[in-house]
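Notes for the structure review
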Amino acid sequence: MRDDSFIKAKGYLLQEQSLYKALRTMVSRELEAIVLNCDMEELLALIEAKVPLIAQLESLAEAWQNLLSELDIRETYGTAVFWQKFLTLFPPDQADFLSQRLLENRAAAENLMEAEGKAESELRKHVDHLREKMRSMSRGRKAFITYTKMGGAQCDEL
């Protein structure tokens, strides 16, 4: 085993935990945008802001695969067999640390998935209202564009 394997694994797990927490916060904000504010613009901005975090999780999965190749572990990342084999490579104190982070990450991932499900459910409930808001926003933009084309207020005047 390489000397830096524990440091890499520890870093990956901590980074994963941080990303799950950040995504969970964003999902809470999405719920607020849907339920409390009915604010489609805020919702779309939050969804867009989640994209880089999800990309980081995907990059992290690739980093894990590279580490696993270095350690000659063929089991799929995240499975019970994988963790069992992986943790045996480390001294007990390191294995315990990694195991604890794993449990925390699993809980965070489950919490995130539950929250995403709730946000999706709430979005379905509010979709008609949000669609009307989007249509209204679109009509307002179109009206403003038409107004400026007809010689109304110029964008640089606003």
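This report concerns the structure included in the present document. Along each chain, the written sequence defines residue order, and numbers are assigned to residues from 1. Predicted model: local features are reported for residues with pLDDT of at least 70 only, side-chain atom pairs are reported and counted for 80 or more only, and whole-chain, interface and lining totals are derived from all residues. Derived side-chain values reflect all non-hydrogen atoms in the structure, with water molecules and hydrogen atoms excluded from consideration.

1. Description of the side chain of Glu-30
Runs of E in the DSSP output that reach at least two residues are strands. Runs of H or I that reach at least four are helices, and both are numbered from the N terminus. Within the secondary structure layout, Glu-30 lies in helix α1 (residues 5-36). Counting of polar contacts relies on pairs of N or O atoms within 3.5 Å, with two restrictions inside protein: one atom must be capable of donating a hydrogen and the other of accepting it, and residues adjacent in sequence are counted only when both atoms are side-chain atoms. For Glu-30, the side chain forms a polar contact with the side chain of Lys-50, separated by 2.9 Å.

2. Notes on α1
A helix's residues, less one, multiplied by 1.5 Å, set its expected span. Between its first and last C-alpha, α1 extends 46 Å over 32 residues, near the 46 Å set by a 1.5 Å rise per residue. Backbone geometry just after α1 places Cys-38 at a positive phi near 45°.

3. Overview of the environment of Ile-54
Note that Ile-54 resides in helix α2 (residues 40-70). By relative accessible area, which is 38% here, Ile-54 ends up partly exposed. Between the C-alpha atoms of Ile-54 and Tyr-20, which are 34 residues apart in sequence, the distance is 9.3 Å. Relative accessibility decides the category of a residue: with a 1.4 Å probe and only protein chains considered, values under 20% of the type maximum give buried, values over 50% give exposed, and everything between is partly exposed.

4. Points about the packing of α2 against helix α3 (residues 80-87)
The angle between the axes and the distance between the axes are what describe a pair of packed helices. Lines fitted to C-alpha atoms define the axes, with helix axes restricted to the stretch in contact, and inter-axis angles between N-to-C directions lie between 0 and 180 degrees. At their nearest, the axes of α2 and α3 sit 12 Å apart, and the two run at 55° to each other. Comparing the axis directions of α2 and α3 gives the class oblique. Crossing of α2 against α3: the hand is left-handed. Across the interface between the two elements, Trp-64, Leu-67 and Leu-68 of α2 pack against Phe-82, Trp-83 and Phe-86 of α3. Three classes are used, and their members are as follows: Ala, Val, Leu, Ile, Met, Phe, Trp, Tyr, Cys and Pro are nonpolar, Asp, Glu, Lys and Arg are charged, and the others, Gly among them, are polar. Its residues assigned to classes, the contact of α2 with α3 comprises six nonpolar, no polar and no charged. Each angle gets one of four labels, with under 35 degrees taken as roughly parallel, over 145 as roughly antiparallel, 65 to 115 as roughly perpendicular, and the rest as oblique. Should the near helix be turned counterclockwise from the far one by less than a right angle, the crossing is left-handed, whereas a clockwise turn marks it as right-handed. Note on contacts: a residue pair is in contact if any heavy atoms of the two residues lie within 4.5 Å.

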